[in-house]
Amino acid sequence: MAIELHRHALTWSEGADHYTTQWMTERLVSAPKQVLLADDTFTADMAYREIMQGAVLLYRGDFQNAKQLMSALARRVDKRKGSKKAKPEVTAAHAFHLHRQSQAQRARVLNSILVPLNADFTVPLRRAPEVHEALQAAWGILNWQGLACISLRELLGLIGAFEWRKKGVEIAALGAAPNNRVFPFYGVYSPVRGEYLNLLAKADVKRFSRPDALAFDIGTGTAVIAALLARRGVPRILATELDPRALDCATFNVQQLGVQAQVSVVQADLFPSGQADLLVCNPPWLPAKPVAAIERAIYDDNSAMLKGYLNGVKAHLKPGGEAWLVMSDLAEHLGLRKPGELQHWIAQAGLRVVHVTHTRPVHSKSLDPSDPLHQARKQEVTSLFVLEPAV
């Protein structure tokens, strides 16, 4: 597994001595103006003031106190955000961009608390947890010399993701427990929104269950869709991925779910070579630029994956086959995609819609009036489009 890490050189002085460390992160971050040493005497007010002036804090105290400092910073950021009154004339698209800006600002502040990291993936702070397994699971085996550090927020995310990886996520559409758990790796989107899987679980696959049928699952992620197709009787599925971590995740889940006789995971940019009877794709639903690895499953910059899938269908679909597209209309409600634009792209790719099935989301954000995007979320509809080449 080859993970792309950004390594930023940080320098600071202690008396007459000068030090350099590597800030290791998967996020795109700007170089700080200053590195300050922080310990258990640092208050949230002090930390916030220094961070807002462009500094990062290299923590040298107690690990649990560092977590408390970060929590206090989060409350301060959220309080400032909540104190700003929304303008009634703001459009849905503007509200979305303001929401992303707010999220980015919050992340920048909270990612500015750094903790030291040894080459053996241990954190040399008092009361620091064992993080070796979580880091190795996410990053593989790394070699570096000298000092290194990591954002405390990113480290806690790695630890939390590792716990989900060990526990797994129960997917009702895959059948009864215990053999229905998918294990998401760090940086691979967890299939927690079950409504789109329910659409696929109810779709007619009878014609794709014959012994010689072949399906392509494009951008498989955790391989949950490929596994669902296999459980529903599709005899052979090629599940494609480009990201190395997602490839490892998909391969692991195929083995854990016992569908390796039907599902093969292959590295490909969208389509593998050849043609299939059934093409399935659940691309990211929002046309915006991702700024972190996990966001690649949410944001599709310039709708590149969606358009790439639609434009590749005719070349990779066997005569008489079907192409399935799972897509939410949240982008339309947020003003990020014009009404009718998706249907235009479908027609432009030489395809037509055979039929569509719909469902509404049941996740907590769709029911939360305090969510900044609630008005759009409560109108959201997720659809399964069944497509075929236009005559």
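Bear in mind that the values here come from a model prediction, so they are computed numbers and not experimental data.

**Student:** Describe in detail the sheet that holds strand E6 (residues 147-151), supporting the description with residues and values.
**Tutor:** With mixed pairing, six strands are arranged side by side in an open sheet as E1-E2-E6-E5-E4-E3. A single partner strand is all that each edge strand has here, and the edge strands are strand E1 (6-14) and strand E3 (34-38). Strand-to-strand twist of the sheet, defined as the mean angle between neighbouring strand axes without regard to direction, takes the value 35 degrees. Of the pairings in the sheet, the one linking E3 to strand E4 (residues 55-59) comprises five bridges and is parallel in character. Of the residues in E4, the one forming a bridge with Leu 37 is Leu 58. Across the sheet, helix H5 (residues 152-167) lies against strand E2 (17-25), strand E5 (113-117) and E6, angled at about 75 degrees from E6, the strand it touches most.

**Student:** Summarise the pairing of strand E10 (residues 237-241); cite the residues concerned and give the values.
**Tutor:** Of all five residues making up E10, five are buried, and the element is well covered by its neighbours. Residues Ile 237, Ala 239 and Glu 241 line one face of E10 and the alternating positions Leu 238 and Thr 240 line the opposite face, and both faces are buried. Pairing geometry for strand E9 (residues 215-218) and E10, over three bridges, is parallel. Within E10, the residue paired with Asp 217 across the bridge is Ala 239. In terms of handedness, the path from E9 via helix H7 (residues 224-231) over to E10 forms a crossover that is right-handed. In this fold, the crossover linking E10 to strand E11 (residues 263-267) by way of helix H8 (residues 244-256) has right-handed handedness.

**Student:** Explain the pairing of E1 to me, and be specific about the residues and the numbers.
**Tutor:** Relative to E2, E1 is paired through nine bridges, and the arrangement is antiparallel. Each bridged residue has a counterpart across the sheet, and for Ser 13 the counterpart in E2 is His 18. Connecting the antiparallel pair E1 and E2 is a turn made up of two residues, with Gly 15 showing a positive phi of about 65 degrees.

**Student:** Mind laying out the pattern of salt bridges, listing which residues take part and the relevant values?
**Tutor:** Applying the stated criterion across every chain yields a total of 15 salt bridges. For Asp 40, the salt bridge is made with Arg 126, and the minimal N-O distance between the two is 2.7 Å. Here Asp 40, found in the loop between E3 and helix H1 (44-52), pairs with Arg 126, found in the loop between E5 and helix H4 (132-139); they are 86 residues apart in sequence, far enough to count as distant. For Asp 40, a relative accessible area of 33% gives the class partly exposed. When the shortest N-O distance is used, the salt bridge between Glu 322 and Arg 207 registers 2.9 Å. Of this pair, Glu 322 sits in strand E13 (residues 317-328) while Arg 207 is found in the loop between helix H6 (195-202) and E9, placing the two residues 115 residues apart along the sequence. Overall, the relative accessible area of 11% leaves Glu 322 in the buried class.

**Student:** So what about the sheet that holds E9? Which residues, and what values?
**Tutor:** Spatially, the seven strands line up as an open sheet ordered E11-E10-E9-E12-E13-E15-E14, and their pairing is mixed. Taken across any chain shown, the strands that pair with only one partner, and hence form the sheet edges, are E11 and strand E14 (351-359). Here the average twist between neighbouring strands, direction ignored, is 20 degrees. For E10 and E11, the ladder comprises five bridges, and the chain directions are parallel. Bridge pairing links Glu 241 to Gln 267 in E11. Against the sheet, H7 makes contact with E9, E10, E11, strand E12 (276-281) and E13, and its axis sits at roughly 175 degrees relative to E10, the strand it touches most. The strands touched by helix H9 (residues 304-316) are E9, E12, E13, E14 and strand E15 (382-389); relative to E13, the strand with the most contacts, the crossing angle is about 165 degrees.

**Student:** Help me get a handle on the environment of Cys 149, residues and values and all.
**Tutor:** Checked against the element boundaries, Cys 149 lands in strand E6. Since its relative accessible area comes to 1%, Cys 149 is described here as buried. As for Cys 149 and Thr 122, which are separated by 27 residues in sequence, their C-alpha atoms are 11 Å apart. Setting aside chain neighbours within four positions, we find Cys 149 in contact with Leu 10, Thr 21, Gln 22, Trp 23, Met 24, Leu 58, Leu 114, Val 115, Pro 116 and Leu 117.

**Student:** Please provide a residue-by-residue account of the side chain of Thr 21, values included.
**Tutor:** Assignment of secondary structure puts Thr 21 in strand E2. A polar contact of 3.2 Å, which involves the side chain of Thr 21, links it to the backbone oxygen of Leu 147. Reaching out from Thr 21, the side chain makes a polar contact with the backbone nitrogen of Ala 148 at a distance of 3.2 Å.

**Student:** So what about the packing of H6 against H7? Which residues, and what values?
**Tutor:** It is the contact of H6 with H7, at a shortest axis distance of 10 Å, that shows an interaxial angle of 25 degrees. One way to sum up the angle between H6 and H7 is to call them roughly parallel. Crossing hand, H6 versus H7: right-handed. Seen from H6, the contacting residues are Tyr 196, Leu 197, Leu 200 and Ala 201; seen from H7, they are Val 224, Ile 225 and Leu 228. Residues belonging to the contact of H6 with H7 are distributed by class as follows: seven nonpolar, no polar and no charged.

**Student:** Account for the nonpolar core, naming residues and giving values.
**Tutor:** Of all hydrophobic cores here, the largest spans 59 residues; its most connected members are Leu 200, Leu 229, Leu 279, Tyr 309, Leu 310, Trp 324 and Leu 325. If one sorts the elements of this core by residue count, H7 sits on top with seven residues. Sequence-distant contacts of Leu 200, defined by excluding residues within four places in its chain, comprise Ile 225, Leu 228, Arg 232, Val 280, Trp 324, Val 326 and Leu 384. In terms of nonpolar packing, the next biggest core, distinct from the first, is built from 39 residues, Ala 38, Tyr 59, Leu 69 and Trp 139 among them.

Cut-offs used in this document
Residues numbered from 1 in each chain as written. Predicted model: local features only at pLDDT ≥ 70, side-chain atom pairs only at ≥ 80, totals over all residues. Heavy atoms only, no water. Pairing = 2+ DSSP bridges. Helix = DSSP H or I, 4+ residues; strand = E, 2+ residues; numbered from the N terminus. Axes fitted to C-alpha atoms, helices over the stretch in contact; angles between N-to-C directions. Contact = heavy atoms within 4.5 Å. Buried < 20%, exposed > 50% of the residue type's maximum accessible area, 1.4 Å probe, protein only. Right-handed = clockwise from strand over helix to strand, strands pointing away. Salt bridge = Lys/Arg side-chain N within 4 Å of Asp/Glu carboxyl O. Polar contact = N/O pair within 3.5 Å; in protein donor to acceptor, adjacent residues only side chain to side chain. Parallel < 35°, antiparallel > 145°, perpendicular 65-115°, else oblique. Left-handed = near helix turned anticlockwise from the far one by under 90°. Nonpolar A, V, L, I, M, F, W, Y, C, P; charged D, E, K, R; others polar. Core = buried A, V, L, I, M, F, W, Y, C linked by side-chain atoms within 4.5 Å.

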